Amino acid sequence: MAAELIRAGKLVAFPTETVYGLGADAMNAQAIRSIYQAKKRPSGDPIIAHIASATQLEQLAISVPSLAYRVADAFWPGPLTLILSRAPSVPNEIAEGMATVAVRMPAHPVAKKLLQAAETPIGAPSANRFTHPSATTANHVLEDLDGRIDLILDGGPSTIGIESTVIDLTTEPRVLRPGGISLRELKSVIPGIETRVSFVGDQGVSVSPGQMLKHYSPKALLILFKGERERVLERLVEESSTAQSKGAKVGVLALDTDALDFPDAVHVERLPDDASLSGVSSALFASMRRLDAEGCDVILARDFGRAGLGEAVWDRLLRAAEGQVINVD
């Protein structure tokens, strides 16, 4: 049924290992426009085309460099998106104003089966309202898009919990969005690759998804702190008390191991503490949504470092805070 809906130009939300995607036939211009309408997403924010096999690259892209196949062989299926030169048959709507296309092959078994059954590439951004925290469960999709899409496939919680890494292969290789594949892993295949993240406004145009300054944001105001760990933890406690004294309902994103003495009324989301930050990654968006559900006015968060998935976690927190960071040092 889901594959039939895709072929009919309808919208289907489906699980991937990163986050849930809102899918439509990537070769159908009207279906792609429907994604933008359902999400209230600006047309300058590109949509990733998901494929079942690397052989479909030639359907979506032209002048595909040999490096693309080496990278795909190393990391697909998985949380890596390649920016390539778009084939003429791919609708302009998938990356308006750009001659490029973003492509990835997901690893989630439900996504793989859907792509195989649909027999067409599926364009799919995250299955949420634009700027909201990404959806990592079917319930999150329902919260944001109930009545706006045709079907939700429930595949349980996403395991990685943040979006794919995006690399541009139309120029000198570069990471445009940190994600589920770390820079260190990429350097095993592309030794000279570096990260070049940008920030664009709501009406801006970008070659990569996930470049908007305000993105992945909870309803609450998110305040982000960086600096020496102990000083940051002290500041989180101070700021929570100050905000409460002004009548705000306060939430905090903290690690299990953070020793924090908050006022009783503060809502603390404890994130798993592991060296790779995979626990933080998998729980991040769900924790933001829970604090919103608690009615928090303010969410306090800290820099969790750059190990493992830390660069991607920092990127999501920075955009959730609209680029504003308080350095306590």
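Residues numbered from 1 in each chain as written. Predicted model: local features only at pLDDT ≥ 70, side-chain atom pairs only at ≥ 80, totals over all residues. Heavy atoms only, no water.

> Mind showing me how you'd approach helix α5 (residues 109–118) here?
Since the α-helix advances by 3.6 residues per turn, residues separated by three or four positions end up pointing in the same direction. Every buried residue of α5 is accounted for by Ala111, Leu114, Leu115 and Ala118. Around the axis of α5, the buried residues are gathered within 95° of arc, so they sit on the same side. Summarising the geometry of α5, the exposed residues directed more than 90 degrees from the buried face are Pro109 and Lys113. Glu119 occupies a position one or two residues after α5 and carries a positive phi of about 60°. (Buried < 20%, exposed > 50% of the residue type's maximum accessible area, 1.4 Å probe, protein only. Helix = DSSP H or I, 4+ residues; strand = E, 2+ residues; numbered from the N terminus. Arc of directions from axis to C-beta.)

> How should the packing of helix α9 (residues 278–293) against helix α10 (residues 310–320) be read in this particular structure?
To describe two helices that pack against each other, one gives the angle between their axes and the distance between the axes. Where α9 meets α10, the closest approach of the two axes is 10 Å, and the angle between their N-to-C directions is 20°. Classified by the angle between their axes, α9 and α10 sit roughly parallel to one another. Where α9 crosses over α10, the handedness of that crossing is left-handed. Side by side, α9 and α10 meet where Val280, Ser281, Leu284, Phe285 and Met288 of the first sit next to Val313, Arg316, Leu317 and Ala320 of the second. (Axes fitted to C-alpha atoms, helices over the stretch in contact; angles between N-to-C directions. Parallel < 35°, antiparallel > 145°, perpendicular 65-115°, else oblique. Left-handed = near helix turned anticlockwise from the far one by under 90°. Contact = heavy atoms within 4.5 Å.)

> Any chance you could explain the environment of Leu11 here in plain terms?
Among the structural elements, Leu11 can be located in the loop between α1 (2–7) and β1 (12–14). Exposure remark for Leu11: the relative accessible area of 4% places this residue in the buried category. When the C-alpha positions of Leu11 and Ile32 are compared, they lie 9.0 Å apart, and in sequence the two are 21 residues distant. Sequence-distant contacts of Leu11, that is, excluding residues within four places in its chain, are made with Leu22, Gly23, Ala24, Ala31, Ser34, Ile35, Ala38, Arg148, Ile149, Asp150 and Leu151.

> How should I be thinking about the side chain of Asp168 in this particular structure?
Within the secondary structure layout, Asp168 lies in strand β9 (residues 165–168). Of the residues examined, Asp168 reaches a relative accessible area of 1% and is grouped as buried. A distance of 2.6 Å separates a polar atom in the side chain of Asp168 from a polar atom in the side chain of Thr170. Excluding residues within four positions of it along the chain, Asp168 makes contact with Ile83, Pro173, Arg174 and Leu176. (Polar contact = N/O pair within 3.5 Å; in protein donor to acceptor, adjacent residues only side chain to side chain.)

> What is the right way to read the nonpolar core from this model?
General note: in soluble globular proteins, nonpolar side chains tend to be found buried as a group. Judged by nonpolar contacts, the single largest core of 47 residues is most densely connected at Leu22, Trp76, Leu80, Leu82 and Ile167. For this core, the elements supplying multiple residues, two or more each, are β2 (21–25), α2 (29–39), α3 (57–60), α4 (66–75), β5 (80–86), β6 (100–104) and α6 (138–145). Those residues in contact with Leu82, other than ones at most four positions away along the chain, are Ala68, Val71, Trp76, Val101, Ala102, Val103, Ile167 and Leu169. Membership of the second largest hydrophobic core comes to 28 residues, among which are Tyr216, Ala301, Trp314 and Leu318. (Core = buried A, V, L, I, M, F, W, Y, C linked by side-chain atoms within 4.5 Å.)

> What am I meant to see in the pairing of β5 here?
Buried residues dominate β5, accounting for 6 of its 7 residues. Of the strand pairs in this sheet, strand β4 (residues 61–62) and β5 are connected by 2 bridges, and their pairing is antiparallel. Bridge pairing in β5 places Ala61 opposite Arg86. (Pairing = 2+ DSSP bridges.)

> What should I look at first to understand the sheet that holds strand β12 (residues 221–226) in this one?
In sheet architecture, strand pairing relies on hydrogen bonds along the backbone and comes in two forms, parallel and antiparallel. Reading across from one edge, β14-β13-β15-β12-β16 is the order of the 5 strands in this open sheet, with parallel pairing throughout. Whereas interior strands pair on both sides, the edge strands pair on one side only; in this sheet they are β14 (267–271) and β16 (325–327). Strand after strand, the sheet turns through a mean of 25° between neighbouring axes, direction not considered. The pairing of β12 with strand β15 (residues 298–302) spans 5 bridges and is parallel.

> I keep staring at α4 and nothing clicks. Help me out?
Of the residues making up α4, those classed as buried are Leu67, Ala68, Val71, Ala72 and Phe75. Seen end-on, α4 carries its buried residues on one side only, within an arc spanning 135°. Opposite its buried face, α4 presents the exposed residues Ser66 and Asp73, each directed more than 90 degrees away. Summarising the contacts, the buried residues of α4 are in contact with β5, β9 and α7 (183–186).

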